[in-house]
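# Secondary and tertiary structure notes
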Amino acid sequence: MNFVNLKTGKEKPVRLHHPWIFSGAIARAGGNPEPGEIVAINDAGGAFLAWGYYNPQSQIALRLLEWQQSAPVDENWWRRKIGDAIHRRNHLFQRDDTDSFRLVHAEADFLPGLIVDKYADFVVLQSQTAGIDRVKQVVVDTLIETLKPAGIYERGDQTARRLEGLSHANGLLSGETAPDLLEIKENGLRFLVNLRHGQKTGYYLDQRQNRQRVASFAKNRTMLDAFSYSGSFGLYGRIAGATSIICIDSSPTSLDLLKKNFGINSYQVVEDELVHGDVFQVLRKFHEEGRAFDLIVLDPPKLAPTKAQAGQAQRAYKDLNLSAMKLLSPAGILATFSCSSGITIEGFQQIVAWAALDAGREVQIMERLSQGEDHPVRLAFPESQYLKGLICRII
Ligand code: SAH
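A few points on the structure. Predicted model, so just to flag it, every value in this text is computed and none were measured.

### Examining the sheet that holds strand β20 (residues 388-394)
One key point about sheets: their strands pair by backbone hydrogen bonds, in either a parallel or an antiparallel sense. Spatial strand order, β16-β15-β14-β17-β18-β20-β19: seven strands in an open sheet with mixed pairing. Pairing within the sheet leaves two strands with one partner each, and these edge strands are β16 (274-276) and β19 (363-369). When the angles between neighbouring strand axes are averaged without regard to direction, this sheet yields 15°. Here three bridges tie strand β15 (residues 244-249) to β16, and the two strands are oriented parallel to one another. Note that in β16 the partner of Cys 247 across the bridge is Leu 274. Its contacts with the sheet put helix α12 (residues 345-359) on β18 (328-338), β19 and β20, and the angle it makes with β20 is roughly 30°.

### Some details on the state of the cysteines
Within the structure shown, the criterion is met by zero disulfides. Distance from the sulfur of Cys 247, which forms no disulfide, to the nearest cysteine sulfur (Cys 339) is 18 Å. On the basis of relative accessibility, which here comes to 2%, the residue Cys 247 falls in the buried class. No disulfide involves Cys 392; its nearest neighbouring cysteine sulfur is the one of Cys 339, lying 17 Å away. We classify Cys 392 as buried; its relative accessible area is 0%.

### Some remarks on the sheet that holds strand β6 (residues 60-66)
Read across the open sheet, the six strands follow the order β2-β6-β5-β4-β1-β3; overall the sheet is mixed. Every interior strand has two partners, whereas the edge strands, β2 (20-22) and β3 (26-30), have only one. Looking at each pair of strands side by side, their axes are set apart by 35° on average, direction ignored. As judged from the three bridges shared by strand β1 (residues 3-6) and strand β4 (residues 37-42), these two strands associate in the parallel manner. Within β4, the residue paired with Phe 3 across the bridge is Ala 40.

### Re the site of the ligand
Within the structure, the ligand sits among 15 residues, and Arg 211, Asp 249, Asp 278, Val 279 and Asp 299 are positioned closest to it. Within the side chain of Gln 199, one N or O atom sits 3.2 Å away from an oxygen atom of the ligand. Between the ligand and Asp 278, the relevant distance is 2.7 Å, taken from a nitrogen atom to a side-chain nitrogen or oxygen of the residue. Relative to its free-state accessible area of 580 Å², the ligand is covered by the protein chains to the extent of 89%. Here the shell around the ligand is composed, by residue class, of six nonpolar, five polar and four charged.

### A few points about the packing of aromatic side chains
Throughout the structure, instances matching the rule amount to 11 aromatic pairs. Measuring from centroid to centroid gives 6.3 Å for Phe 191 and Tyr 236, while their planes differ by 15°, and the two rings are stacked. In this pair, Phe 191 is assigned in strand β13 (residues 189-193) and Tyr 236 in helix α8 (residues 232-239), connecting sequence segments 45 residues apart. Among the residues examined, Tyr 236 registers a relative accessible area of 6% and is labelled buried. Aromatic ring contacts, followed pair by pair, group Trp 20, Phe 22 and Phe 381 into a single cluster.

### A short note on the environment of Cys 247
Relative to the helices and strands, Cys 247 resides in strand β15. Expressed as a C-alpha distance, the spacing of Cys 247 and Leu 103, which sit 144 residues apart in the sequence, is 30 Å.

### Observations regarding the side chain of Asp 117
As for its position among the elements, Asp 117 is in strand β8 (residues 114-119). For Asp 117, a relative accessible area of 1% puts it in the buried group. For Asp 117, the side chain forms a polar contact with the side chain of Arg 102, separated by 2.7 Å. At a separation of 2.5 Å, a polar atom in the side chain of Asp 117 contacts the side chain of Thr 201. Once you skip the residues sitting within four places of it in the chain, Asp 117 turns out to touch Phe 101, Arg 102, Leu 103, Phe 122, Val 123, Val 124, Thr 201 and Leu 205.

### Section: the packing of helix α7 (residues 208-215) against α8
The angle between the axes and the distance between the axes are what describe a pair of packed helices. Running from amino to carboxyl end, α7 crosses α8 at an angle of 40°, the nearest separation of the two axes being 9 Å. In terms of their interaxial angle, α7 and α8 are classed as oblique. When the axes of α7 and α8 are compared, the crossing they make is right-handed. Contacts from Arg 208, Asn 210, Arg 211, Gln 212, Val 214 and Ala 215 of α7 reach α8 at Ser 232, Phe 233, Tyr 236 and Gly 237. Here the contact of α7 with α8 is composed, by residue class, of four nonpolar, four polar and two charged.

### So, the pairing of β6
Counting buried positions over the seven residues of β6 gives seven, a clear majority of the element. Of the strand pairs in this sheet, β2 and β6 are connected by three bridges, and their pairing is antiparallel. Paired with Phe 22 across the two strands is Ile 60, which belongs to β6. When strand β5 (residues 48-54) meets β6, the two strands line up antiparallel, connected through four bridges. By the bridge assignment for β6, Trp 51 is matched with Glu 66. Where β5 hands over to β6, the hairpin turn is made up of five residues, counted between the paired strands.

### Quick look at helix α11 (residues 310-327)
Here α11 contains 18 residues, and its C-alpha end-to-end distance of 26 Å stays within 8% of the 26 Å for a straight helix at 1.5 Å per residue. Residues of α11 that are buried: Ala 310, Ala 313, Tyr 317, Leu 320, Asn 321, Leu 322, Ser 323, Ala 324, Met 325 and Leu 327.

Conventions adopted
Residues numbered from 1 in each chain as written. Predicted model: local features only at pLDDT ≥ 70, side-chain atom pairs only at ≥ 80, totals over all residues. Heavy atoms only, no water. Pairing = 2+ DSSP bridges. Helix = DSSP H or I, 4+ residues; strand = E, 2+ residues; numbered from the N terminus. Axes fitted to C-alpha atoms, helices over the stretch in contact; angles between N-to-C directions. Contact = heavy atoms within 4.5 Å. Disulfide = S-S within 2.5 Å. Buried < 20%, exposed > 50% of the residue type's maximum accessible area, 1.4 Å probe, protein only. Near = heavy atom within 4 Å. Polar contact = N/O pair within 3.5 Å; in protein donor to acceptor, adjacent residues only side chain to side chain. Areas by Shrake-Rupley, 256 points an atom, 1.4 Å probe, with all protein chains shown as cover. Nonpolar A, V, L, I, M, F, W, Y, C, P; charged D, E, K, R; others polar. Phe/Tyr/Trp six-rings, centres within 6.5 Å; stacked < 30°, edge-to-face > 60°. Parallel < 35°, antiparallel > 145°, perpendicular 65-115°, else oblique. Left-handed = near helix turned anticlockwise from the far one by under 90°. Expected span 1.5 Å × (residues − 1).

Structure below.
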């Protein structure tokens, strides 16, 4: 049997059910396990702690799966855990107004390295690790049996895969090809999603609940949606009664998709509502032109993918929030987000406080936001809280 013995004292996080063990905590591996193979994880004295999969090529050398010695991780184990994750979302399947949401949220759903998203009748999976690559067919078979999807796509998270020493993975795994732009439903609105080339697995499902919260502040306000991607925040705001909307994104493909998304919801976008450019520069230019808005959404991409990049990212977040505050009318609303797991909610709040100080404005936090319920945060794995948001009034 393959096993890994930890160094003395390194078993504590395992007992707390944290799912990661870094390579530095390993004393020795026995049985010559291949990347991604299941191993028994023992303490320094050789006593069993947990089952997990091992990848000597990754800094996160072990991902823990099961703490009961009598429940080895075989094909049935994987089928059961995937079934459980889907089962926990039964209430979402019953909704008439939403047909797209996350089914498996990796470590936070007790399936490290595996993401599964449902988009209408299609499913997109992301394998981030060698351990998941080894059981990909079991995952696909279980999804077919449980959901009978029209098709299953794989979308590689290339950054995560590179860290595991894995190559590119993309394409149709089963069933039929999806339309180039697949129509999905979210809170009663219609969105077009490109499953093959869209960002992430095609769409930012994690902001579903936050879009409604932000839209509740839009009525009779002029709105700016910065980092708009396919236009969701802007469209929700427009429908909720924003008097005008400007959307900014650096990707022309995203702005094209945004136009289509507004269109299929019966809102025609005019050219000067769309700004193709770098948000950092555009906000500064708007300020120089003396423009002002009553509601600004800042939803930038991950500026700090790891803790190591947090310092540099803090400056970028501060710069963005400062520029936005300068553009907000008195008592204007700022909905500001960070999806960097390297930045905590307290850290993010501090950044917004620094921006307020420089802008000479007072700030009231009205709501603290997180990722949607289908992207749960696992208490034993604080890293799974990656999306943080604040809805603030800027006095
Ligand atoms: N708010 C969107 C998701 C935003 S994702 C939603 O609710 O769906 C981040 C977006 O920022 C991407 O569309 C990306 O193209 C864009 N982007 C990244 N860097 C940018 C920059 N410096 N200026 C403008 N847009 C940028």
